[in-house]
Amino acid sequence: MPPPADIVKVAIEWPKAFPKLMEIDQKKPLSAIIKEVCEGWSLGNHENFALQIADATNFYITEKNRNDIKNGSILRLTTSPYQTAVQLHERIQSSSMDAKLEALKDLANASRDITFAQEFINLDGISLLTQMVESGTERYQKLQKIMKPCFGDLLSFTLTAFVELMDHGIVSWDTFSVAFIKKIASFVNKAALDTAVLQRSLAILESMVLNSQDLYHKVAQEITIGQLIPHLQGTDQDIQTYTIAVINALFLKAPEEKRQFDEHIVDILNCPLTEMAHILAQKQLRSIILSNVIRSTTPINDEMAHQLYVLQVLTFNLLEDRMMTKMDPQDQAQRDIIFELRRIAFDVECEPNSGSIEKRKSMYTRDYKKLGFINHVNPAVDFTQIPPGMLALDNMLYFAKHHQDAYIRIVLENSSREDKHECPFGRSSIELTKMLCEILKVGELPSENCHDFHPMFFTHDRSFEEFFCICIQLLNKTWKEMRATSEDFNKVMQVVREQIMRALTLKPNSLDQFKSRLQNLSYTEILKIRQSERMNQEDFQSRPILELREKIQPEIMELIKQQRLNRLCEGTCFRKISSRRRQDKFWYCRLSPNHKVLHYGDLEESPQGEVPHDSLQDKLPVADIKAVITGKDCPHMKEKGALKQNKEVLELAFSVLYESDEYLNFIAPDKHEYCVWTDGLNALLGKEMTSDYTKSDMDTLLSMEMKLRLLDLENIQIPEAPPPIPKEPSNYDFVYDCN
């Protein structure tokens, strides 16, 4: 007979004693269990003791997490969180430097547990640590020079403990003094400093900026680009990652007016980071990131890839203001840009007094038509559409000035063609700019999970404009290859989009490499690719074939359903989204083989294979699930956060509602896993599987099954209607009598 569900069999350790095997009744108060354990070893004052999980985490057992204890767990009897906090609070103030160092090391480890952290913070421990940082740094540096090398760890452990305590979100970041911020900033500004201290200091500055608008202003005034550059020039990728993370955090929190480039600031390296455009626009920093990070011999890890992706997104988001700015047809300065495009293309000077007004208007109209504007009389109207707004005009002017020969060739080439065959440069530029903004997601916040950066965008100071220049030449080339007319404009744009997306998928290292990849993706090559894909997904439309499809479809759907449920049985590792990415916490969820229970539980690190059911502490019966909720309706997506409300994370979020108002919240690692889990959960609830992945699988499997069944009918014409049934014969004399 199995033991009651509330009884858990565990081993409990106590120093200098043999471990005890015990049965814990989960219905009993935790204090009563601790008292029973203490009495077994003849220990008094049981209120001064607590139970810990005896593993690398050493987390305390509380009433909240006691259900995580499973059969076979090893626990440890230890001093209570309050007693430990009091002891460490006293020990870190010891006059003995060796004792102080050991105490800070213990504090850094213990601070990962939220129960201990709460007790230590209640003793005003955060203030004590900040005072130690503010006042003890000079003394630490002197001791480091004249005494043991171990003193180099003193400040490191202090800052580590501080970071761990603050990560629990118990104390507001707004409570820290300017003196503390200056001290942390000074650690970043010093070249020869302990690596661990520098890493923790950069992490603290990043958290300060992300969690407090007030601290953003204070931090931004203390740090300059010139002070951050040496950290990027080193070989330690972790330090480089933290440095770029600080830049990203400052840039993300910068007010709109501070993100724009100010031409009057000359001393770029010493300007504060409130002038955020200088971080990304000036040449030295970009080239340092390119040469020391992207083109380094050290492979780029996931965290660095994410930070480079964020930097790329924030760089392109500088374009949002121009993208969403309509042109004012009455603004003479803006109209002068259009005049400049005309002057460069046709090598004419705008002389206001030459000829009559009608003649000048006629001349302008003719030239604007050659330039490919929709409105020949007043081209400014073409730029009132947002997006792309004024950004399209900026791109056209950049192309005309920096690639003048190509610009003139395209305009003159098209103006010499018949009207219906000309590729309208103005209209093409506007639509292309809009398309590029969609591809690069200009104006969207960076995703928490994405690592998709493109090295080529770090190779040029005006990468977006150069990207446009390559693509507008591609568009003109594709137009000629397609022998397109004005009616084919949208078809050409679709082909160009496909060419660009396929070239970007290959992750070219430079703009020249991107250009050469596009050369290989001519219109003819795109047609071949499309033809190949069409043959693989051929869809017959005759009635007999459609009837056969309908007959096969339920079998295929059942096959997809079984695959989804099998994948849920294998399980998936999910990452817990926190305010700081580098302290990733994982949890695993899988379906039981009988499809009746979801098993889930926390993990220390990302697993290499499947996690067995018995190592997952929590269970959720499938019968208790009421609904599956997705997107912005999920409770964990309603929380406020800088990076949580972006579109991509919303698309990966789903929750399982059980009982009355209890939720199990998920954020899938990618779109594929999101589709697998939402499909599988809907299948368990008897609901339809509606994900894009299911539609894709259905099309692929159905196409394969159809081809297999029709294999013997190759080159045989299948009639639209079944052949008529012949009339009954006049007699049945032809029937053979077996008797």
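Residues numbered from 1 in each chain as written. Predicted model: local features only at pLDDT ≥ 70, side-chain atom pairs only at ≥ 80, totals over all residues. Heavy atoms only, no water.

Engineer: Quick question: what am I supposed to make of the pairing of strand E6 (residues 585-591) here?
Structural biologist: Within a regular strand, side chains alternate between the sheet's two faces. The buried count for E6 comes to six of seven residues, which makes it a mostly enclosed element. Sheet analysis places strand E5 (residues 572-576) next to E6, joined by five bridges and oriented antiparallel. Bridged to Phe574 within E6 is Trp587. Where E6 folds back onto strand E7 (residues 597-603) in an antiparallel hairpin, the turn is made up of five residues, including His595, whose phi is positive at roughly 65°. (Buried < 20%, exposed > 50% of the residue type's maximum accessible area, 1.4 Å probe, protein only. Helix = DSSP H or I, 4+ residues; strand = E, 2+ residues; numbered from the N terminus. Pairing = 2+ DSSP bridges.)

Engineer: I tried to follow the sheet that holds strand E9 (residues 625-630) on my own but got confused; where do I start?
Structural biologist: Sheets are built from strands that pair by backbone hydrogen bonding, the pairs being arranged parallel or antiparallel. Sheet architecture is open: three strands sit in the order E9-E10-E11, paired in antiparallel fashion. Every interior strand has two partners, whereas the edge strands, E9 and strand E11 (662-667), have only one. Strand after strand, the sheet turns through a mean of 20° between neighbouring axes, direction not considered. Bridge count for strand E10 (residues 653-658) against E11 is six bridges, and the pairing is antiparallel. Residue pairing across strands places Ser655 opposite Asn665, the latter belonging to E11. Set on the sheet, helix H27 (residues 671-684) makes contact with E9, E10 and E11; between it and E10 the angle comes to about 20°. (Axes fitted to C-alpha atoms, helices over the stretch in contact; angles between N-to-C directions. Contact = heavy atoms within 4.5 Å.)

Engineer: Looking at this model, I keep getting lost on empty space enclosed by the protein. Mind explaining?
Structural biologist: Taking a probe equal in size to a water molecule and rolling it over the atoms shows the remaining empty space. Per the stated rule, a full pass over the model turns up one cavity of 30 Å³ or more. Lining the largest cavity are Ile410, Cys423, Pro424, Phe425, Ser428, Ile472, Leu475 and Asn476. The element that contributes the greatest number of residues to the lining of the largest cavity is helix H21 (residues 463-482), accounting for three residues. (1 Å grid on protein atoms, 1.4 Å probe; cavity = no way out; pocket = protein on both sides within 12 Å on 5 of 7 lines; lining within 4 Å. Points joined across faces, edges and corners; volume = space filled by probe spheres on them.)

Engineer: Would you explain the confidence of the model for the protein chain in this entry?
Structural biologist: Any segment with low pLDDT has predicted coordinates that should not be analysed in fine detail. Of the residues in the protein chain, 87% have a pLDDT of 70 or more, and the chain-wide mean is 84. In this model, residues 261-271 is a region of pLDDT below 50 whose contacts with residues beyond four sequence positions or in other chains number 21 contacts. Segment residues 273-281 is flagged for pLDDT under 50; beyond a separation of four residues in sequence, or across chains, it makes 42 contacts in the model. (pLDDT = per-residue confidence, 0-100.)

Engineer: So what exactly am I meant to see when it comes to the packing of aromatic side chains here?
Structural biologist: Between two aromatic rings, the relevant description is the distance of the centres plus the angle of the planes. For the structure on display, the rule yields 29 aromatic pairs. Both rings, one in Phe457 and one in Phe467, keep their centres 5.2 Å apart while their planes meet at 85°; by these two values the pair is edge-to-face. With a gap of ten residues between them, Phe457 in the loop between helix H20 (425-439) and H21 and Phe467 in helix H21 connect regions that are remote in the sequence. Among the aromatic residues, ring-to-ring pairing joins Phe574, Trp587, Tyr600, Phe654, Phe666, Tyr674 and Trp677 into one connected group. Across the ring face of Trp41, the terminal group of Lys20 is positioned such that the distance to the ring centre comes to 4.9 Å. Note that Arg427 overlies the ring of Phe489, its terminal NZ or CZ placed 3.8 Å from the centroid. (Phe/Tyr/Trp six-rings, centres within 6.5 Å; stacked < 30°, edge-to-face > 60°. Lys NZ or Arg CZ within 6 Å of the ring centre and 35° of its normal.)

Engineer: Would you mind showing me how to read the environment of Glu119 here?
Structural biologist: Position of Glu119 among the secondary structure elements: in helix H4 (residues 114-122). The spatial distance from the C-alpha of Glu119 to the C-alpha of Gln83 is 8.9 Å, given a sequence separation of 36 residues. Once residues lying within four places of it in the same chain are set aside, the contact partners of Glu119 are Pro81, Tyr82 and Ala85.

Engineer: Where do I start with the pattern of salt bridges in this structure?
Structural biologist: Following the criterion strictly, the structure yields 25 salt bridges and no others. Where Asp394 meets Arg322, a salt bridge forms, and the shortest distance between an N and an O atom there is 2.7 Å. Note that Asp394 is positioned in helix H18 (residues 390-402) and Arg322 in helix H15 (residues 320-323), a separation of 72 residues in sequence. Residue classification places Asp394 among the partly exposed positions, given a relative accessible area of 24%. The partly exposed category is assigned to Arg322, whose relative accessible area is 29%. Arg343 serves as the salt-bridge partner of Glu340, at 2.8 Å between the closest nitrogen and oxygen. Of this pair, Glu340 and Arg343 both sit in helix H16 (residues 332-346), three residues apart, which is roughly one turn of the helix. (Salt bridge = Lys/Arg side-chain N within 4 Å of Asp/Glu carboxyl O.)

Engineer: Even after reading the chapter, I still don't get the nonpolar core, so can you show me in this structure?
Structural biologist: Across soluble globular proteins, nonpolar side chains have a tendency to be buried as a group. Ile92, Leu107, Leu129, Phe162, Met208, Ile289 and Leu308 are the most contacted members of the largest nonpolar core, which has 82 residues in total. With nine residues, helix H11 (residues 237-253) is the largest single contributor of residues to this core. Beyond its immediate stretch of four places on either side in the chain, Leu129 contacts Ile92, Leu104, Leu107, Phe120, Thr158, Ala161, Phe162 and Leu165. The next biggest cluster of nonpolar side chains, apart from the first, holds 69 residues, and it includes Ala392, Phe399, Leu474 and Trp479. (Core = buried A, V, L, I, M, F, W, Y, C linked by side-chain atoms within 4.5 Å.)

Engineer: Is there a simple way to explain H20 in this structure?
Structural biologist: Since the α-helix packs 3.6 residues into each turn, any two residues three or four apart lie on the same face. For H20, with 15 residues, the first-to-last C-alpha span of 20 Å sits near the 21 Å given by 1.5 Å per residue. All of the buried residues in H20 are Phe425, Gly426, Ser428, Ser429, Ile430, Leu432, Thr433, Met435, Leu436, Cys437 and Ile439. Considering only its buried residues, H20 is in contact with H15, H18, helix H19 (404-415), H21 and helix H22 (489-505). Within two residues after H20, Lys441 carries a phi angle of roughly 55°, on the positive side. (Expected span 1.5 Å × (residues − 1).)

Engineer: What am I meant to see in the packing of helix H8 (residues 195-211) against H11 here?
Structural biologist: One can describe the packing of H8 onto H11 by two numbers: an axis separation of 9 Å at closest approach and a directional angle of 15°. Judged by the inter-axis angle, H8 sits roughly parallel to H11. In this structure, H8 crosses over H11, and the sense of that crossing is left-handed. Of the residues in H11, those in contact with Thr195, Leu198, Gln199, Leu202, Ala203, Leu205, Glu206, Val209 and Leu210 of H8 are Asp238, Ile239, Tyr242, Thr243, Ala245, Val246, Ala249, Leu250, Leu252 and Lys253. (Parallel < 35°, antiparallel > 145°, perpendicular 65-115°, else oblique. Left-handed = near helix turned anticlockwise from the far one by under 90°.)

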